[in-house]
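Structural characterization, general
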Amino acid sequence: MMHLNELRQLIKQIPRIKLGIFPTPLEKWSRLQADLKRQGLILSKREDLSGFALGGNKVRQLEFLLGDALDQGANVIVHGGAVQSNYSRMLAAASAKLNLKCHLVLCRHYNQPEDQGNCLLTRLFGATVHWYEGPLGNKYELFKKELAGQLETSGKKPYLITYPNSEILGTIAFVDAALELWDQCNKIGIEPKILVTPAVGSTQSGLMLGLRLLGSKAMIIGFSPLREEFNVKQTIRESIEKAAKKLGTSNPTINEPIINETEFVGQGYAKITEDTIKSILKIAHLEGALLDPVYTGKAMAGLISYLDSKRIGSKENII
């Protein structure tokens, strides 16, 4: 078990640049609590209010990843995702702010619109887009690596955002978020017991590592938007081990099962489900907050299913 400030000092050793406005708010969603007839509180950690390029959880990760890129003298960033990737939108904006060229490989496999939303904003921020017809996965990552190699051959200094470094630094970013959350909960007299998050890697691994280092036994439930593209549970476990090593702290030896559900993915990544639509409407009507159909909407659908089936007790506080 580590003290909060001791862990913060370890995080400060990692290169980082300022992008977001932190801490993000921790809100009580009282109307949702009443609607679901729960005795325990429902709180929302509003990562959508992180204050950069329309917000989202990737802002935290980019502070560490682009800090690392600048520390290595990079002048070009290579990454990507699906056509409507939140990550790509924020990376394009951050690259513009830091005077870095940004090359993004966007996957057309998921049949998302290319003339609106995140894809439009990505190009508005000045990123160079390369199209990829296949799904996310190992072949996609190889395509990104080859692009980075071509940029290096042309005289650029590319920084490739890919596994495992992206997950290690992303995990550290969410160790920092865990400390932030822990501090907020202490101030309002609540011990985190159940955390629910959309996750394919570093969000969940960082929260797990941070809370376990602080001595918390909180249950952390991840809802994945992917089913087959990655081995998410293995990625989370490996990221915890590698991030602990990079921080220079002992690995808390997380032998517990990784709870990362895929049953709410529906027909696949970015394929909206009826339960997702219901969840988005519920939160919009009750709390005036917006969920997205790829990540947070499906995670909320999963949480509501957990509550309906009594897999989470009525008196438990949920974040």
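Residues numbered from 1 in each chain as written. Predicted model: local features only at pLDDT ≥ 70, side-chain atom pairs only at ≥ 80, totals over all residues. Heavy atoms only, no water.

**A look at the sheet that holds strand β7 (residues 194-198)**
Ordered by their spatial adjacency, three strands build an open sheet running β7-β8-β9, and the pairing between neighbours is parallel. Either end of the sheet is taken by a strand with one partner, and the two such strands are β7 and β9 (259-261). Ignoring strand direction, the axes of neighbouring strands in this sheet form an average angle of 20°. Looking at chain direction, strand β8 (residues 219-223) and β9 are connected through three bridges and run parallel. Bridging across to β9, G222 finds its partner in N260. Along the sheet, helix α8 (residues 202-213) makes contact with β7, β8 and β9, crossing β8 at roughly 175°. (Pairing = 2+ DSSP bridges. Helix = DSSP H or I, 4+ residues; strand = E, 2+ residues; numbered from the N terminus. Axes fitted to C-alpha atoms, helices over the stretch in contact; angles between N-to-C directions. Contact = heavy atoms within 4.5 Å.)

**Thoughts on the sheet that holds strand β6 (residues 158-160)**
Taken together, four strands build an open sheet; the order of strands is β5-β4-β3-β6 and the sheet is parallel. Pairing within the sheet leaves two strands with one partner each, and these edge strands are β5 (128-132) and β6. Adjacent strand axes in the sheet meet at a mean angle of 25° when their direction is disregarded. Here strand β4 (residues 101-107) pairs with β5 via five bridges, running parallel. Directly across from H103, in β5, lies its bridge partner T128. Across the face of the sheet, helix α4 (residues 86-97) comes into contact with β3 (76-82) and β4 while running at roughly 170° to β4. Along the sheet face, helix α6 (residues 138-153) touches β3, β4, β5 and β6 and points at about 160° away from the line of β3.

**Side note on a nonpolar patch on the surface**
Together, I272, I277 and L281 give the surface a local cluster of nonpolar side chains, amounting to about 260 Å² of exposed area. Tracing the backbone through its elements, the reader meets I277 in helix α10 (residues 274-287). When its relative accessible area of 40% is taken as the criterion, I277 is described as partly exposed. (Patch = residues over 30% accessible without salt bridge, like charges linked within 9 Å, V, L, I, M, F, W, Y side chains within 5 Å. Areas by Shrake-Rupley, 256 points an atom, 1.4 Å probe, with all protein chains shown as cover. Salt bridge = Lys/Arg side-chain N within 4 Å of Asp/Glu carboxyl O. Buried < 20%, exposed > 50% of the residue type's maximum accessible area, 1.4 Å probe, protein only.)

**Re the nonpolar core**
If you look at the biggest cluster of nonpolar residues, it comprises 67 residues, and the most contacted ones within it are L66, I77, L91, Y159, I172 and L195. For this core, the secondary structure elements donating two or more residues are α1 (4-11), α3 (58-71), α4, β4, α7 (165-187), α8 and α9 (232-247). Looking at which element gives the most residues to this core, the answer is α7, with 12 residues. With sequence-adjacent residues up to four places away left out, I77 is seen in contact with L66, A69, L91, S95, L100, K101, C102, H103, Y159 and I161. Of all hydrophobic cores here, the second largest spans 22 residues; its members include L32, I304, Y306 and L307. (Core = buried A, V, L, I, M, F, W, Y, C linked by side-chain atoms within 4.5 Å.)

**Quick notes on the pattern of salt bridges**
Counting across every chain of the model gives 15 salt bridges. Salt-bridge contacts for E47 lead to R60; the nearest nitrogen and oxygen are separated by 2.6 Å. Highlighted residues: E47 in the loop between β2 (43-45) and α3 and R60 in helix α3, separated in sequence by 13 residues. A salt bridge links K144 to E141; its shortest N-O distance comes to 3.0 Å.

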